[in-house]
Amino acid sequence: GYAPDPLPAVAGAAVVALTSDFEGVPAVLREARGLGTPVVATESSVAVREIVGAGGSVVPVGDAAALIAALEHWLEPGTPRPAPRVEGGDPVGAYLALFDLLGR
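*Asks:* I'd like a description of the overall build of the chain, backed by residues and values.
*Replies:* When helices and strands are tallied, the chain shows five helices and three strands. Each helix and strand of the chain, ordered N terminal to C terminal, gives the series α-β-α-β-α-β-α-α. Based on the C-alpha atoms only, the size of the chain along its principal axes is roughly 50 × 30 × 30 Å. Taking all 104 residues of the chain together, the buried fraction comes to 31%.

*Asks:* I'd like a description of the pairing of strand E2 (residues 39-42), backed by residues and values.
*Replies:* Along E2, one buried face is formed by Val39 and Ala41 and the opposite face, lined by Val40 and Thr42, is buried too. Judged from the three bridges that link them, strand E1 (residues 16-18) and E2 form a sheet pairing that is parallel. If you follow alanine 17 over to E2, its bridge partner there is valine 40. The β-α-β motif built from E1, the intervening helix H2 (residues 27-35) and the parallel element E2 has right-handed crossover chirality. Alignment of E2 against strand E3 (residues 56-59), held across four bridges, turns out to be parallel. Bridge assignment links valine 40 to a residue of E3, and that residue is serine 57.

*Asks:* An account of the side chain of threonine 42 is needed here, citing residue identities and associated values.
*Replies:* Position of threonine 42 relative to the elements: it lies in strand E2. Threonine 42 gets classed as buried once you look at its relative accessible area, which sits at 5%. In this structure threonine 42 touches Leu18, Thr19, Ser20, Val48, Val58, Val59, Pro60 and Val61, once residues within four positions along its chain are discounted.

About the thresholds
- Residues numbered from 1 in each chain as written.
- Predicted model: local features only at pLDDT ≥ 70, side-chain atom pairs only at ≥ 80, totals over all residues.
- Heavy atoms only, no water.
- Helix = DSSP H or I, 4+ residues; strand = E, 2+ residues; numbered from the N terminus.
- Buried < 20%, exposed > 50% of the residue type's maximum accessible area, 1.4 Å probe, protein only.
- Pairing = 2+ DSSP bridges.
- Right-handed = clockwise from strand over helix to strand, strands pointing away.
- Contact = heavy atoms within 4.5 Å.

Right under this line is the structure:
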């Protein structure tokens, strides 16, 4: 459902799962990693592994056994949450500046 600010739910989640067949650059993974919430994602984009890093698990698209194993790992009691991944700079500003540059 709709939430005006989903970040508290993401921060409180045990894990964020993204099981898409295809993605571009999934912002939800960046948001979860920034909050220290572990993620389990399918390798649905070349960007997924870089975003997830050590803060989660990336599994092949369509590999249900690997998906289940990854979820079980992160849901195992006592598994430490990853440290929040802080990205430097202003990514939104840089993205908008890129469009300004390309529009010239």
